[in-house]
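Reading the structure
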Amino acid sequence: MASEDVKTSESAVSTIVNLAEEAKLAREGVKAPSYAVLSICKSLVAGGVAGGVSRTAVAPLERLKILLQVQNPHNIKYNGTIQGLKYIWRTEGLRGLFKGNGANCARIVPNSAVKFFSYEQASKAILYLYRQQTGNEDAQITPLLRLGAGATAGIIAMSATYPMDMVRGRLTVQTAKSPYQYRGMFHALSTVLREEGPRALYKGWLPSVIGVIPYVGLNFAVYESLKDWLIKARPFGLVEDSELSVTRRLACGAAAGTVGQTVAYPLDVIRRRMQMVGWKDASSVVIGDGRSKASLQYTGMVDAFRKTVRHEGFGALYKGLVPNSVKVVPSIAIAFVTYEVVKDILGVEIRISD
């Protein structure tokens, strides 16, 4: 009888232990995915904040760049950065300097969120494949691999938000004299969709894809590589520990932005011009008030390159480069630093090279 009691007690204890183990496993199973989801959300939030802050800080220069890129060569209104900003201020006031910024933020926040998150995931995936291929489990990510990860992230983010970028370009270009006014991003999206069809929302997509590979790829590759070099080499005593100051991270971001935008800029000009094709009530900036009353029409990316160079010269491919250079350096720098600072605040690990 006593033996049976002992067996019963052992069975009860065993059952309790098994239930406890199952409960523990269940809790761990729930925690893992919830932690992953939280980490993803924090990464997306950090990327979104970085995009919104950086673009708003340079919104006037962004608008002037686009106006310079697409204005009719026979009716020049904007002759340079200072003159252009003064002209906008005089004719449209403070609101004119930030025209299109709401639509830009509506696009750049999800774009930046997806871009930064995609870069981290692509970097991890590429590093994993690289280690599997070389058989070296301790291999570190190289500048070339970072370039590939950045290009992948840029293509994903740009494609996901391209329709918003297309209508943002039109909102930015229209002025008080435009024959037809888009009332906002959603009105512009619905109007383009109704009058020009769904394909119109992706006008200029091809040069955007080609341009985003060197632009975003070089941004990430140069930024991350410069950071690693400064931490490891510590040239001229600029770095004393394993963490870079905000000022030095801003400098890395500025260098990355300069390299990326210089290489990809002509494709950005062609993209903007292609986005204006089919806009029958185009802004007077595009149509012009002088000899030519119509903007040029393009059948594709190559045709846009050919006609731009033929009618306006090779220099037309770099229209707006000065305000863009003034804009892109602080914009990229602010975006990278804001992203890292927000992720630090949220408590998310951001190192990818390990």
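Criteria and cut-off values
Residues numbered from 1 in each chain as written. Predicted model: local features only at pLDDT ≥ 70, side-chain atom pairs only at ≥ 80, totals over all residues. Heavy atoms only, no water. UniProt positions renumbered as here; feature names shortened; annotations may be inferred. Salt bridge = Lys/Arg side-chain N within 4 Å of Asp/Glu carboxyl O. Helix = DSSP H or I, 4+ residues; strand = E, 2+ residues; numbered from the N terminus. Buried < 20%, exposed > 50% of the residue type's maximum accessible area, 1.4 Å probe, protein only. Contact = heavy atoms within 4.5 Å. Core = buried A, V, L, I, M, F, W, Y, C linked by side-chain atoms within 4.5 Å.

The name recorded for the protein chain in an unreviewed UniProt entry is Mitochondrial adenine nucleotide transporter ADNT1, from Xanthoceras sorbifolium. What the UniProt record of the protein chain gives under Sequence similarities (unreviewed entry) is the line "Belongs to the mitochondrial carrier (TC 2.A.29) family."

Before going further, it helps to spend a moment on the pattern of salt bridges. If charged atoms from side chains of opposite charge come close, those side chains can pair. The full count for this structure, using the stated rule, is 20 salt bridges. A salt bridge links Lys65 to Asp268; the shortest N-O distance between them is 3.1 Å. In this pair, Lys65 is assigned in helix 2 (residues 59-70) and Asp268 in helix 8 (residues 246-276), connecting sequence segments 203 residues apart. Among the residues examined, Lys65 registers a relative accessible area of 4% and is labelled buried. Classification of Asp268 as buried rests on a relative accessible area of 14%. Beyond isolated ion pairs, a larger network of salt bridges with shared partners links Glu62, Lys65, Asp165, Arg168, Asp268, Arg271 and Arg272.

Before going further, it helps to examine the environment of Gly84. Here Gly84 is to be found in helix 3 (residues 81-97). Residues Gly84 and Leu61, 23 residues apart in the sequence, show an inter-C-alpha distance of 9.4 Å. In this structure, Gly84 is in contact with Leu64 and Tyr78, ignoring residues within four places of it in sequence.

Our next topic: the nonpolar core. Core analysis: the largest hydrophobic core is formed by 51 residues, its most contacted members being Tyr78, Val167, Val173, Met185 and Val192. For this core, the element with the highest residue contribution is helix 5 (residues 143-173), accounting for nine residues. The contacts of Val192, once residues within four sequence positions are left out, are Met166, Val167, Arg170, Tyr182, Gly197, Ala200 and Leu201. Membership of the second largest hydrophobic core comes to eight residues, among which are Leu267, Ile270, Val277 and Tyr298.

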